[in-house]
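# Structural description and commentary
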Amino acid sequence: MNLDAMRTHSEDETVDAVVIGTGAGGAPVLAILAAAGLKVVALEAGPNFTPEKFAFDETLADEIYWTEERLSGGSTPEAFGGNNSGTGVGGSMLHWGAFVPRADARDLRLHTETGEGVDWPISHGELRPFYERVEAFLGVSGPRSYPWDAERRYPLPPVLRNGPAELMAGACEARGIRWADAPAAVVSRDFESEGGPMRQGCINCGFCHQGCRTGAKASMDVTYLPLAVSHGAEIRPESFAHGFERDRDGRIAAVVYMKDGRERRQRCRAVFLCAGAVETPRLLLHTGLANGSGQVGRNYMGHVATQVWGTFDHEVRMNRGYPSSLITEDFIRPEDADFAGGYLIQSLGVVPVTFANAVARGRGLWGQPLLDYLGRYNHLAGIGINGETLPCDANVLALSDETDARGMRKARIDFGYSTNENRLNVHATKVMRDLWEAAGAKDVWVLDRVAHTLGTCRMGRDGGTAVVDPHGRSFEIDNLWISDGSTFPSSLAANPALTIMALALRTAERFLAVGR
Amino acid sequence: MRVVPLDLPGFGDAREESGYSVDAMADRIAGAIAARSGPYRLAGHSMGAKVALTLARRAEDGDPNLAGLSSLVLVSGSPPSPEPIPEDRRSRMLSWIDADPETRAREARQFIQANVGGSLPLDFENSATDDVLRAAPAAWKAWLDSGAHEDLCRRVGVLRTPALVVAGSEDADLGPDAQAALTLPHLAHGRLVTVDGVGHLLPLEKPDALARAILDHAAKPSDPRAAPPAIPPGYAELIASDRVNSRLRSALNERAAADDPAYAPQALDPVELAILRAVFARVLPVAGLDAAARVDARLAAGRGDGWRFIALPADDEAYRAALRTLDAASRAKHERPFVVLAGDRQDALLTLAQKGELAVPPALGGRLDADRMRFWFEDARADAARLYLSHPAALARLGFSGIGAGGDSPAPIARGLPGFTNTRLDTPEPWEPEPWEPEPWKPLAEESAR
């Protein structure tokens, strides 16, 4: 994004807040604080890209993925990098899928409802106005009426339905399942959010995950970050935070970071740690801060994100259009469930390299069968779920003994499904197979997959069992706040980014009210 | 063809000379080459082949005294890697070389007899035995103790010089399998010719066959290579059109360029690269795309994908260990290196790896256990598949229209790009490409001289 006219601050100046990370957790915080007149500096580990770089290609997009190595263990090891982690001004929102269902109210009180998992320390009612503000600001496109929430209204009409969406809609009709055009943070017509550039309506190119060339997708670099900069915030790219300086009272006095090969420090009155559910706990474990509860790194969660693929007589050309343009929330609480929580289903179009990776890994094809199968690309379509993952003791992020180029220990993530996730997965796989059968799919196969990074710095009401309070403030260091997916006590069935942004607004406003 | 025979230090007419390391032997030959002028070929038999490969590396690195090298002839050659000779045979050869004259004479003759496929004419056998007895025992021992063990695999690297590799079918340690696994990987333009019925002393056993092979090779020093994967004209037109973003067009053209046959591996060594090429020939049977070299370049650049299975070592080390394990599995099961196995046998080993059932004891060269081989083969399949679908020929085969969704816009936040106006089923826009089926590819058959 254009940072030419940006206000800058000296490192000796004590700014009101340093925000570490410029993705879904950091960008809204930066915007709210700057708009309130605070002096704020964001440290972003990655470079400042301009959309001119985004070239409608998967391999060229490698540069927007966080490719510093993480070690993946456990019974269902999760892929990182392009699967869920980004770098650059805008964070992983540069490559996010922009699929923005709200959390279902029941998911926030799962323990009360089922005795499983945990309740969130905030209610859905508290979140709702923040959801509405984020949707209005980003320009979320969605159906005129939402079958699972009669009151919901989206600011823009839905984006075009694509081939996989049509197939899924037909299958849902055949099986008596409600469906809707997906809520997508992609503008279906020209739109200008406050403080941001004019964004042209989506051209349906299908490369959401490779960086949006037209700004139609609500990445942070065309939404909250320009708003923040217009109010005087400074964004420092290629600045990797790796330590903190503390005053006599134990409060954070400065953030230590590397830029241009030199160690620097920015003095500040408060810190917002927004580096995502891997780098946030990694930095806390590295510095040994805010972990009196012993909860930092615990209860790591990825979503159950199983996909079902099939071959159709139709010419689907699944690369065209917004990739996940249909949704059903009919399985957020399936009647015949033998598990707690539920899942949503979305239609799937995937671009070739990503698809080939899935086929080679998940279907195990190689040789001529691999080439032959990939050759049917224009006739393939998928559906997939995003399903609840309960917090679990065995799922932990820790520091490995291996170090990165800076000498910092790499993150090691152990993740595996437990009974609840396995049962949910079996249920969802059966439903999706049935839907694809109804759609006329042949050669149906199942891709087991884990998505997103959540948990590790959970929020709660008790500093003995949680890292941050219900507003994201550290129980131990009162000028340290966390705003990203790491604070999620449970995963929710919804894709996380919308909720992360809503919580970010709430955290920032709480800070303005009581934190200074 | 004018032929200049040269003895290595400690042997033949040079038996009084010292300097038995491969480099020292190479120095002596280099001196002899420098004393002459004009283009030349370099031939080496057995240990002489290792010396010749060392000299070829020096010549390709620009040593002015070695300018003019036009091709190599490597006969029953000792490879740049440590020579695969069983320990019992090695110690036996060491035991008699400076024994009493009677033992020496008896053992030398037996040594000659053990190194031929059939039997030599008596006068040849006598002169060969005399040559052994004439050699300086110190030179003989130096070769067995150190020269044969010198690991020059990375140093010799991959040579561009055209090369003929000749192997005797009955050569116990340095026959065609060993040459294919350990010598050919160093030769970008190497041709292996097997002479049937002969052992290690091939030049004495079938001198006419060897001379014929050398003359044939001189007449036609390199074999045709598979062209890079073809991009059909319609897809090439799309790539050249305004619908394709300039940065993407440059990237596609770069990916479509032919791979360098003399690509010098950086993460793997040349022998491991050859095993990876053999693996990828099964995983990704696409002619003219050197996926192994491209993966090696990525490994060397340290450009990972952001994660790895915790069970595996770092990516480059995982590849090296897995490829050596696969080769060890092949040798344990079939007594042949992986690179020479028939496709169905290679597939069977890869299938075992995929199932997590490829177990090779460390004593037999296994470096990754069955679970790790499963993880590695998953990574390798994914690396190959991703590389394939970044290639424009593969996208053409799919009839992939996504590259045409973009184009260029002068505005920082683009306006007016074409994208797709239609995204529904069965409604391709008129410009969208159809899938395209290339001609099937058959690998070149190995040559055999009889």
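Here, the structure is the one placed above.
Residues numbered from 1 in each chain as written. Chains lettered and ligands numbered in written order. Predicted model: local features only at pLDDT ≥ 70, side-chain atom pairs only at ≥ 80, totals over all residues. Heavy atoms only, no water.

## Some points on the overall build of chain B
On a plain count of helices and strands, chain B comes out with 18 helices and six strands. Dimensions along the principal axes, computed over C-alpha positions, put chain B at roughly 90 × 50 × 40 Å. Taking as baseline every contact in chain B between residues at least 6 positions apart, the subset at least 24 positions apart corresponds to 75%. Taken as a whole, chain B presents about 19,500 Å² of accessible surface, with 52% of it coming from carbon and sulfur. Averaging the locations of the 51 positively and 64 negatively charged side chains of chain B gives two centres separated by 3 Å. (Helix = DSSP H or I, 4+ residues; strand = E, 2+ residues; numbered from the N terminus. Contact = heavy atoms within 4.5 Å. Areas by Shrake-Rupley, 256 points an atom, 1.4 Å probe, with all protein chains shown as cover. Lys, Arg positive; Asp, Glu negative; His and termini not counted. Charge placed at Lys NZ, Arg CZ, Asp CG, Glu CD.)

## Regarding the packing of helix 15 (residues 315–334) of chain B against helix 16 (residues 343–355) of chain B
Residue and element names in this part refer to chain B. Orientation of helix 15 relative to helix 16, taken along the N-to-C sense of each, is 120 degrees, at an axis distance of 11 Å. When the axis of helix 15 is compared with that of helix 16, the two are oblique. For helix 15 against helix 16, the interelement crossing comes out right-handed. Residues Leu326, Ala329, Ser330, Lys333 and His334 of helix 15 form the contact with helix 16, whose participating residues are Arg345, Leu349 and Leu350. A breakdown of the residues in the contact of helix 15 with helix 16 according to their chemical character gives four nonpolar, two polar and two charged. (Axes fitted to C-alpha atoms, helices over the stretch in contact; angles between N-to-C directions. Parallel < 35°, antiparallel > 145°, perpendicular 65-115°, else oblique. Left-handed = near helix turned anticlockwise from the far one by under 90°. Nonpolar A, V, L, I, M, F, W, Y, C, P; charged D, E, K, R; others polar.)

## Let's talk about the pairing of strand 16 (residues 380–387) of chain A
Residues and elements named next belong to chain A. Burial runs high along strand 16: eight of the eight residues are buried. Going residue by residue along strand 16, you find Leu380, Gly382, Gly384 and Asn386 tucked away on one face and Ala381, Ile383, Ile385 and Gly387 tucked away on the opposite face as well. Direction of pairing for strand 13 (residues 307–311) relative to strand 16: antiparallel, over a ladder of five bridges. By the bridge assignment, Gly310 is partnered in strand 16 with Ala381. Where strand 15 (residues 343–348) lies against strand 16, six bridges are found, and the strand directions are antiparallel. In the sheet register, Ile345 faces strand 16, and the bridge partner there is Ile385. (Buried < 20%, exposed > 50% of the residue type's maximum accessible area, 1.4 Å probe, protein only. Pairing = 2+ DSSP bridges.)

## Focus: the pattern of salt bridges
Under the defined criterion, the tally for this structure stands at 78 salt bridges over all chains. With a shortest N-O distance of 2.7 Å, Arg255(B) and Asp57(A) are connected by a salt bridge. Taken together, the residues span two chains, with Arg255(B) in helix 12 (residues 246–256) and Asp57(A) in the loop between strand 2 (40–43) and strand 3 (70–73). Assigned by exposure class, Arg255(B) and Asp57(A) land together as buried. (Salt bridge = Lys/Arg side-chain N within 4 Å of Asp/Glu carboxyl O.)

## Topic: the side chain of Thr487(A)
Residue and element names in this part refer to chain A. Checked against the element boundaries, Thr487 lands in the loop between strand 21 (480–482) and helix 10 (497–515). By relative accessible area, which is 4% here, Thr487 ends up buried. In contact with Thr487, not counting residues within four places along its chain, are Cys457, Arg458, Met459, Val468, Ile482 and Leu503.

## Here's the deal with the sheet that holds strand 8 (residues 239–246) of chain A
Residue and element names in this part refer to chain A. Sheet architecture is open: three strands sit in the order 8-9-10, paired in antiparallel fashion. The sheet is open, and its two borders are formed by strand 8 and strand 10 (262–267), each paired with just one other strand. Taking the axes of each pair of neighbouring strands and ignoring which way they run, one obtains an average angle of 30 degrees across the sheet. Strand direction decides the pairing type here: strand 9 (residues 252–259) and strand 10, joined by six bridges, are antiparallel. Within the sheet, the bridge partner assigned to Met258 lies in strand 10 and is Glu263.

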